[in-house]
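Single-letter residue listing:
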Amino acid sequence: MLKKTLLTVILFFSFLYLSAQVKVSGVIVDEQGETVPFCNIIFKGSIKGTISDENGKFYLESDNTYSTLEISFLGFETKTVPLKKENYNLKIVLQEERGELKEVVVYTGKIKKKGNPAIAILKKIWERKRKNGVYLYDRYEYDKYEKIEFDLNNIDDKLKNSRVFKGMELIFNHVDTSAITGKAYLPIFINESVYEIYGKNILPKKKSEKLVANKNSGFSNNQGLISFVKQLYVDYDIYDNYLKFFDKSFASPLSKLGPGIYNYVLTDSSFIDNKWCYNILFYPRRKNELTFKGDFWVNDTTFAVKEIQMHASKSANINWVKEIYIEQDFTVLNDSVFLLKRDHFMSDFSVSKKDESRGVYGKRTTLYDNHVFNVKRPDKFYKKQVAENEEIYNKSNEYWHENRQENLSKDEVGIYKMLDTLQHVKRFKELNSVADILTTGYWSAFRGFEMGPIFSTIGFNDLEGLRLRLGGRTYFKQSDRWRMKGYLAYGFKDQKFKYGIEGQWMVAKRNRLIFSLGTRRDIEQLGVSLTTANEVLDRSFATTSIFSRGDNLKLSSISLTNVKATLEPVKNLSFRLSTTYKTIKAGDPTVFNIDYYDEDNNIKSDVEQVDATFSIQYTPKRKPWGSGVDRGVSNAGRYPIWFLSYTRGVKGILGSDFDYHKLQFRYHQPIQIGLFGKLKSTLEIGKTFNPVPLALMNIVPGNQTYFISRNSFGLLDFYEFITDEYASLHLEHNFNGRLFSKIPFLRKLQWREIIGVRGVVGRVSDENIAMNFPSGIPIVAPEKLYWEYHVGIANIFKLFRIDFEYRGSYRDVPEATKYAIKGGFSFYF
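All of these numbers come straight from a predicted model, not from anything done at the bench.

**Quick look at the overall build of the protein chain**
Scanning the protein chain from terminus to terminus reveals 9 helices and 44 strands. By residue count, 53% of the 829 residues in the protein chain fall in the buried class. A separation threshold of at least 6 residues defines the contact pool for the protein chain, and within that pool the share at least 24 residues apart is 65%. If you sum the accessible surface of the protein chain, you get close to 38,100 Å²; carbon and sulfur atoms cover 55% of it.

This is the structure in structure tokens:
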């Protein structure tokens, strides 16, 4: 998704020049020429200011006219600098403070906690943090307006003359300058949303966020892009101990852990909106940690924060993000209650963290208004929306004029007009098509039909040899209520065609009642997951194995037809009822078979089976996007997944061979452990009742490839362990570089350390062992715990990961794989 965002983002633009009254940038140094970080810089006579970064650099601008800049720094004399309208690349030299001070206190060092008035104020904030804002009331309601914008930054002549923009020169008619960084940027995308928020703080606590309007800059079908951006900019509370951005936990400067992570300095006091406030500056004690520098103003009686601005440390171990800037303003209600009024979050996405590197600004501005408190409503009122109404995306210009809490600037208005024009530019259409192919995997052949996924076009395995696949789907718009998908494949070694086709129809949008019918005839590697899926068009990674240890001849030929219905009566709680008819046999009986004894003690080589499955899936806090039959999820991987299924095999129908029952449970839970990274855990439990052939048993998933595969056992071969009842647990912790950051020569590499352990225990009945004896495959279950562990290094060149895997038990099994080195690549923030 990120690649789509960055690639799409670079393709769409607009340019407008707006001039502030005063602009100033430069670097702060001492008398020896060494840069001085974390200086407090303000326009004299105001509270408008900023903090210099780790390299002493800063940028500040204002729409008001100021004639003097004031720089203060502990251990140095306060300095004033006269200003013109534009003051770029200033070099400001600070002199060490002399007189009563016996020694100079360096501002970048650690500030003592004992007797520090800033710490005393911070303790007051902790005492009152849940006695401010909406937490003061049993129930609350308010309106929320959200504006998200993408801007291409560091615009220069080389970019303007690039062949990429040939035929689209009209986009370079306007320009703007960032008030935060001072860089020229090109607005390229804007999305606006209006929400109604309802919540209650008394048990059972409830919160409902109702999307009532959404508008974007010409990408009416690109809800995936919008979802990606909203995934990055999740809601946060500055009073929490940790603030989660880009799947990372940053230490909040208001955290109770703050004094061990930050230095705090009380620098000023002043009236803000007739409230006397203290100004506290903060900066990190150590480098390479997920921290901020900045300052905040806090009221002297309620100890509620009035304003705060934070810049993420440039040395923080986070990829593709050069800068993060946060600014929040609070308003005062009834002379005592402080409510969040405006939240501005800006990030600079870039391949490099160098100042001159080109990147993309991602900005989210959120405003809050019309607060109402203690309106009693029944609990069912807080029920969350299951489906979105298409009218949300078709609001009139008059509606937006009335409901925006902040007017659009001229360049933002221009984005809508410019992108509407670009829709008819040939070059723009070509670039948009390329971006879609690279990111979605589908190519729009003609209106209503897309070919793909292109990444599945070529494959290889020992049975089929070289395999070519051609697929496609119907696609008119994202909100399509029906969709057809299919493919045709051919193996050059077995000289056989394979195919699959599926149709989906959403009958009712309100509760997302969807009927599906599909069929598939293909080669498949069974036993790559414990939990049965029966998805029609899914195909395991293990079936294609260009790089693997040993052979992968244990493939099966499967013919499957599936009818299913899904229903989502409550948001994120879905029910599925499906019926499957399938025939399974060995892909090549000369090298592999799944023979078994039938009830007459005859040997059979194929399984013909009809079964019905009822499953429940609960994904709390998941945020799906889209109103069509296919939907995406914007925050996948952040919250738990609960899955429970019951399968009933029915004998006699359509020649079905077996009666059996199967229960399966799966629970996946990611846990963010503060600054110490993220732990991912997956628990699976299952049991099959009544004897069944090998193809219907629970095969412990092995992984014979040299690639890392989630929820499989990297040192097991296919069919090494087979069960009819099992329990497995997978644990993996990513420290996000917490340990390597303590080692000087590893710190700059920003590698991330990973540890993990996997285990499974199970049994197999004597009846199943006897039934499957003709297959020649040892039917062995891990009655004693099988476990393996791994250590790994991720974030190698920001993309790659290497794991070193070790077998912890069953090491004496003949031909057992005792250790392996496996790799993978992925996008990491």
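Still more to cover.
**Examining the sheet that holds strand S2 (residues 40-43)**
Taken in spatial order, the 4 strands line up as S3-S2-S5-S6 in an open sheet, and their pairing is antiparallel. Edge positions in the sheet fall to strand S3 (49-51) and strand S6 (76-82), since each has one partner strand and no second. Here the average twist between neighbouring strands, direction ignored, is 15 degrees. In the sheet, S2 pairs with strand S5 (residues 68-73) via 4 bridges, with the strands oriented antiparallel. The residue bridging Phe43 from the neighbouring strand is Leu69, located in S5.

**Let's talk about the nonpolar core**
Of all hydrophobic cores here, the largest spans 42 residues; its most connected members are Ile125, Ile238, Phe245, Phe246, Phe292, Phe296 and Ile324. Of all the elements, helix H2 (residues 117-128) adds the most residues to this core, at 6 residues. Here Ile125 is in contact with Tyr239, Leu254, Phe296, Val298 and Phe303, once residues within four sequence places are set aside. Ile584, Phe658, Met697 and Ile777 belong to the second largest nonpolar core, which has 26 residues in total.

**A look at the pattern of salt bridges**
Using the criterion set out here, one finds 37 salt bridges in the structure. Residue Arg377 is joined to Glu141 by a salt bridge in which the shortest nitrogen-to-oxygen separation is 2.5 Å. Pair noted here: Arg377 is in the loop between strand S20 (359-373) and helix H5 (397-403) and Glu141 is in strand S8 (residues 139-153), with a separation of 236 residues, a long-range link. Asp630 serves as the salt-bridge partner of Arg483, at 3.1 Å between the closest nitrogen and oxygen. With Arg483 in strand S25 (residues 482-491) and Asp630 in the loop between strand S33 (624-625) and strand S34 (632-633), this pair connects stretches of sequence that are 147 residues apart. A relative accessible area of 2% means that Arg483 is categorised as buried.

**Regarding unusual backbone geometry**
With an omega of -10 degrees, the peptide bond running from Leu203 to Pro204 counts as cis. Positionally, Pro204 belongs in the loop between strand S10 (184-200) and strand S11 (206-216). Looking along the chain, the bond that leaves Gly452 and enters Pro453 is cis, with omega of -5 degrees. Structurally, Pro453 can be placed in the loop between strand S22 (448-451) and strand S23 (458-461). Positive phi outside glycine occurs at Gln495, with the angle close to 55 degrees. Take Gln495: it is sitting in the loop between S25 and strand S26 (496-508). On the basis of relative accessible area, Gln495 is assigned to the exposed category, the value being 58%. Look at Asn795: it is not a glycine, yet its phi comes out positive at around 65 degrees. Position of Asn795 among the secondary structure elements: in strand S42 (residues 786-796).

**So, the pairing of strand S43 (residues 800-807)**
Only one face of S43 is buried, namely the one carrying Arg801, Asp803, Glu805 and Arg807, since none of Phe800, Ile802, Phe804 and Tyr806 on the opposite face is buried. Sheet topology note: the S42/S43 ladder contains 7 bridges and is antiparallel. From the neighbouring strand, Ile796 faces S43, where its bridge partner is Phe800. If you look at the hairpin formed by S42 and S43, you'll find 3 residues sitting between the two strands, and Phe797 has a positive phi there, around 55 degrees. When S43 meets strand S44 (residues 819-825), the two strands line up antiparallel, connected through 7 bridges. Residue pairing in the sheet places Phe800 in a bridge with Phe825 of S44.

**Concerning the packing of aromatic side chains**
Evaluation of the coordinates by the stated rule reveals 33 aromatic pairs. Ring centres of Tyr142 and Tyr368 lie 5.7 Å apart, and the angle between their planes is 70 degrees; this geometry places the pair in the edge-to-face category. Linking Tyr142 in strand S8 with Tyr368 in strand S20, this pair joins segments that are 226 residues apart in sequence. One aromatic cluster is present, built from ring pairs that chain together Tyr236, Phe245, Phe250, Phe292 and Phe345. Here the guanidinium or amino end of Lys144 rests over the ring plane of Tyr195, the centre of that ring lying 4.8 Å away. Against the face of Trp320 rests Lys798, its NZ or CZ located 5.2 Å from the ring centre.

**Some words on a positive patch on the surface**
Together, Lys207, Lys244, Lys384, Lys621 and Lys623 make up a positively charged patch on the protein surface. When you line up the elements, Lys621 lands in the loop between strand S32 (606-618) and S33.

**A short note on H2**
For H2, with 12 residues, the first-to-last C-alpha span of 17 Å sits near the 16 Å given by 1.5 Å per residue. Regarding H2, the residues found buried are Ala118, Ile119, Ile121, Leu122, Ile125 and Trp126. Here the buried residues of H2 occupy an arc of 160 degrees about the axis, which is enough to place them on one side. Residue Asn116 occupies the N-cap position of H2, its side-chain oxygen lying 2.9 Å from the main-chain nitrogen of Ala118.

**Structural notes on the side chain of Arg467**
With respect to the helices and strands, the residue Arg467 is situated in strand S24 (residues 465-475). Its relative accessible area of 3% is what places Arg467 among the buried residues. Separated by 2.8 Å, the side chains of Arg467 and Glu464 make a polar contact. In contact with Arg467, other than residues within four places in its own chain, are Thr457, Ile458, Gly459, Tyr487, Ala489, Tyr490, Gly491, Lys498, Asp522 and Arg539.

**Here we look at the side chain of Thr531**
Position of Thr531 among the secondary structure elements: in the loop between strand S27 (513-524) and strand S28 (556-570). A polar atom in the side chain of Thr531 sits 2.6 Å from the side chain of Glu684. Residues within four places of Thr531 in sequence aside, it is in contact with Phe643, Gln664, Arg666 and Glu684.

**Thoughts on the confidence of the model for the protein chain**
Looking at the protein chain as a whole, its pLDDT mean stands at 83, while 87% of the residues score no less than 70. Low pLDDT, under 50, characterises residues 1-20; the predicted model gives this stretch 83 contacts beyond four residues in sequence or across chains. Note on residues 99-108: pLDDT under 50 across the span, and 17 contacts to partners over four residues away in sequence or across chains.

**A closer look at the pairing of strand S17 (residues 305-312)**
Within S17, 7 of the 8 residues are buried, which leaves the element mostly enclosed by the surrounding structure. Taken together, the 7 bridges between strand S16 (residues 292-299) and S17 define a ladder with antiparallel strand orientation. Residue pairing for S17: Trp297 is matched across the bridge by Glu307. Taking the residues that link successive antiparallel strands as the turn, the S16-S17 hairpin has 5 residues, and the phi of Phe303 there is positive, at about 55 degrees. Note: S17 against strand S18 (residues 321-333), 5 bridges, orientation antiparallel. Bridged to Gln309 within S18 is Glu327.

**Describing the environment of Phe829**
The residue Phe829 is located in the segment after S44 in this model. Judged by its relative accessible area of 11%, Phe829 is buried. For the pair formed by Phe829 and Lys248, sequence separation is 581 residues and the distance between their alpha carbons is 7.9 Å.

**A closer look at the environment of Phe735**
Structurally, Phe735 can be placed in the loop between strand S40 (725-734) and helix H8 (744-747). Classification of Phe735 by relative accessible area gives buried; the value is 16%. Between the C-alpha atom of Phe735 and that of Gly677, which follows or precedes it by 58 residues, the distance is 4.3 Å. When near neighbours in sequence (up to four residues on either side) are disregarded, Phe735 contacts Leu675, Phe676, Gly677, Glu753 and Ile755.

Rules used in this analysis
- Residues numbered from 1 in each chain as written.
- Predicted model: local features only at pLDDT ≥ 70, side-chain atom pairs only at ≥ 80, totals over all residues.
- Heavy atoms only, no water.
- Helix = DSSP H or I, 4+ residues; strand = E, 2+ residues; numbered from the N terminus.
- Buried < 20%, exposed > 50% of the residue type's maximum accessible area, 1.4 Å probe, protein only.
- Contact = heavy atoms within 4.5 Å.
- Areas by Shrake-Rupley, 256 points an atom, 1.4 Å probe, with all protein chains shown as cover.
- Pairing = 2+ DSSP bridges.
- Axes fitted to C-alpha atoms, helices over the stretch in contact; angles between N-to-C directions.
- Core = buried A, V, L, I, M, F, W, Y, C linked by side-chain atoms within 4.5 Å.
- Salt bridge = Lys/Arg side-chain N within 4 Å of Asp/Glu carboxyl O.
- Phe/Tyr/Trp six-rings, centres within 6.5 Å; stacked < 30°, edge-to-face > 60°.
- Lys NZ or Arg CZ within 6 Å of the ring centre and 35° of its normal.
- Patch = residues over 30% accessible without salt bridge, like charges linked within 9 Å, V, L, I, M, F, W, Y side chains within 5 Å.
- Lys, Arg positive; Asp, Glu negative; His and termini not counted.
- Charge placed at Lys NZ, Arg CZ, Asp CG, Glu CD.
- Expected span 1.5 Å × (residues − 1).
- Arc of directions from axis to C-beta.
- Polar contact = N/O pair within 3.5 Å; in protein donor to acceptor, adjacent residues only side chain to side chain.
- pLDDT = per-residue confidence, 0-100.

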